Amino acid sequence: MSTRLKAPQSHSKTPFLPEWWIDKRLLKDSDSPTYAYLRNVKVGNMLKNIPSEANLTVPEVRESWKMALHLVGETIDKDRSHYLAETGKLVQLMRGIYVDAGDDIEVAVLKHAVRIAKYLYPRAYLSGASAALLAPTRDGRLFLSGRRKQRSSIRSLEIIQNEAPKHPSIGEAVIDDGMGEFRINVSSIRQRFLEAFRLRSEYAAAIDEDMREAIVARLIEEYGSAQAAADAVWALARENEWHKEGELAERFLLRRPAVEPAKNLAALDLIVAWHGAPIGHLTHDGFEWRWKPMEGGGPPLIRQTTPGKLPPFIVSLLPEGWLEKVLKDNDERAMLRSGKRYMSNITISPRPGPA
């Protein structure tokens with residue numbers, strides 16, 4: 001008959017493991033080491049009590065190599081991420097996404113926003129303003145297009161996914177966020193231009209006039225003329241049944257808005273001189289005053305103590321009391337625009353050229 005040997009009993013809290021395997025400093029009276037800890041315990045703690053005759057090799061440990069973002073399955077395995085999170089070295093943002101506890105989490109999330117979005121939604125692609133920027137907007141929004149509409153927030157980052165058209169036109173972009181290059185699909189120039197005219201859309205609101213003008217210039221350069229570019233955009237719009245967007249895009253291409261923006265002619269730009277030498281600019285945009293001193297413009301005689309109001313030194317130069325009543329002119333703008341000399345050493349005159 002064969003006899004079955006019994007495993008030796010251990011008085012430690014974790015049976016079948018030698019006591020030198022466990023780092024007792026991380027154990028409480030009622031706790032036992034987790035599987036993640038046992039697999040990722042430091043090499044030094046594992047080997048410090050092993051008999052010297054045991055012929056074991058010690059792997060190389062690179063303490064200087066650091067990575068701010070950790071994605072389970074890509075840059076780190078699940079067991080090690082659990083272990084580092086339990087020991088306080090990593091902070092879990094959401095399932096599968098970790099960052100170093102000592103780093104600025106907000107900065108790390110925004111810096112690696114596109115990589116995080118690709119990890120969470122591998123079948124989605126960048127669209128709208130994010131397709132042009134290849135990054136989130138300044139307010140922390142990242143726009144995607146996928147199979148359905150949804151939103152997700154990670155600290156200051158908001159990932160907004162819109163429903164993609166039935167026949168999207170996409171391309172491929174290369175991004176390097178400090179963790180290496182990776183590729184992601186983005187909206188093409190034509191689809192990006194149509195997205196700028198989506199009705200009641202957050203995507204369209206995020207694309208400003210400068211982005212639209214840049215897209216128009218790129219389309220005209222590619223297709224040779226504004227009419228050819230409009231025809232190409234219309235072809236994509238009809239394919240996806242974006243008729244209203246195609247109409248607005250064609251109108252923007254063929255009937256370009258005025259290049260020179262409208263100006264408020266009531267605005268003032270006055271030069272204040274001390275003994276004939278300019279010391280600053282006094283401007284009025286139609287609503288409030290602003291004082292801009294010039295570098296090396298003499299003594300600091302004028303200071304704007306109250307934002308939007310005339311500096312007290314300028315106010316003291318204007319007529320007041322009996323003289324103000326005699327002149328019957330209560331408009332300080334008209335008085336300063338007249339270009340008069342005050343106290344024989346202060347001169348205020350309009351700036352030459354267009355305001």
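See above for the structure.
Residues numbered from 1 in each chain as written. Predicted model: local features only at pLDDT ≥ 70, side-chain atom pairs only at ≥ 80, totals over all residues. Heavy atoms only, no water.

Visitor: How should helix α10 (residues 226–239) be read in this particular structure?
Guide: Residues spaced three or four apart along an α-helix point in a common direction, a consequence of the helix completing one turn every 3.6 residues. Spanning 14 residues, α10 covers 20 Å between terminal C-alpha atoms, matching the ideal 20 Å at 1.5 Å per step. The complete set of buried residues in α10 reads Ala229, Ala230, Ala232, Val233, Trp234, Leu236 and Ala237. Looking at the packing, one finds that the buried side of α10 touches α7 (189–195), α9 (209–223) and α11 (243–254). Glu241 occupies a position one or two residues after α10 and carries a positive phi of about 60°. (Helix = DSSP H or I, 4+ residues; strand = E, 2+ residues; numbered from the N terminus. Expected span 1.5 Å × (residues − 1). Buried < 20%, exposed > 50% of the residue type's maximum accessible area, 1.4 Å probe, protein only. Contact = heavy atoms within 4.5 Å.)

Visitor: Looking at this structure, how should I read the layout of surface pockets?
Guide: Over the atoms rolls a probe the size of a water molecule, and its path tells where empty space is left. Approximately 260 Å³ is the volume attributed to the second largest pocket. Lining of the second largest pocket is provided by 17 residues; of these, Lys149, Asn162, Glu163, Arg198 and Ser201 occupy positions nearest its centre. Only β6 (150–154), β7 (157–163) and α8 (202–206) provide two or more residues apiece to the lining of the second largest pocket. Of the residues belonging to the lining of the second largest pocket, the class tally is six nonpolar, four polar and seven charged. (1 Å grid on protein atoms, 1.4 Å probe; cavity = no way out; pocket = protein on both sides within 12 Å on 5 of 7 lines; lining within 4 Å. Points joined across faces, edges and corners; volume = space filled by probe spheres on them. Nonpolar A, V, L, I, M, F, W, Y, C, P; charged D, E, K, R; others polar.)

Visitor: Which parts of the structure should I look at to understand the pairing of β6?
Guide: Within a regular strand, the side chains alternate between the two sheet faces. With five bridges connecting them, β6 and β7 associate as antiparallel partners. Residue Arg151 lies in a different strand from β7, and its bridge partner there is Ile160. What sits between the antiparallel neighbours β6 and β7 is a turn of two residues, in which Arg155 has the positive phi angle 55°. (Pairing = 2+ DSSP bridges.)

Visitor: How should the sheet that holds strand β2 (residues 90–94) be read in this particular structure?
Guide: Sheets are built from strands paired through backbone hydrogen bonds, the pairs being either parallel or antiparallel. One open sheet accounts for three strands, arranged β1-β3-β2; its pairing is antiparallel. Sheet topology places β1 (69–71) and β2 at the edges, where each strand pairs with a single neighbour. The sheet shows a mean angle of 30° between the axes of neighbouring strands, direction not considered. Against the sheet, helix α5 (residues 113–120) contacts β1, β2 and β3 (97–100), and its axis sits at roughly 10° relative to β1. (Axes fitted to C-alpha atoms, helices over the stretch in contact; angles between N-to-C directions.)

Visitor: Honestly, the packing of aromatic side chains in this entry has me stumped. Any pointers?
Guide: Working definition: an aromatic ring pair is given by the centre-to-centre distance plus the angle between the planes. Summed over all chains, the structure comprises four aromatic pairs. Relative to Tyr203, the ring of Phe143 has its centre 4.7 Å away and its plane inclined at 55°; by these criteria the two rings are tilted. Taken together, the positions of Phe143 in strand β5 (residues 141–146) and Tyr203 in helix α8 put the pair 60 residues apart, joining distant regions of the chain. Put simply, the rings of Phe193, Phe197 and Phe252 touch in pairs and so form one group of aromatic residues. The lysine or arginine in question, Arg198, covers the ring of Trp242, its NZ or CZ lying 4.2 Å from the ring centre. When the ring centre of Phe197 is taken as reference, the NZ or CZ atom of Arg212 above it lies at 4.5 Å. (Phe/Tyr/Trp six-rings, centres within 6.5 Å; stacked < 30°, edge-to-face > 60°. Lys NZ or Arg CZ within 6 Å of the ring centre and 35° of its normal.)

Visitor: What's the story with the pattern of salt bridges in this structure? I'm lost.
Guide: It is possible for side chains bearing opposite charge to pair when their charged atoms get close. A complete count under the given rule lists 12 salt bridges for this structure. The shortest N-O distance in the salt bridge between Glu106 and Arg155 comes to 3.9 Å. Taken together, the residues span a long stretch of sequence, with Glu106 in helix α4 (residues 105–111) and Arg155 in the loop between β6 and β7 at a distance of 49 residues. Here Glu106 falls in the partly exposed class, since its relative accessible area comes to 31%. Of the residues examined, Arg155 reaches a relative accessible area of 47% and is grouped as partly exposed. A salt bridge links Glu247 to Arg251; the nearest nitrogen and oxygen atoms lie 3.2 Å apart. Taken as a pair, Glu247 and Arg251 lie in helix α11 at a separation of four residues, close to a single helical turn. One network of salt bridges, in which partners are shared, links Asp139, Arg141, Arg151, Glu158 and Glu202. (Salt bridge = Lys/Arg side-chain N within 4 Å of Asp/Glu carboxyl O.)

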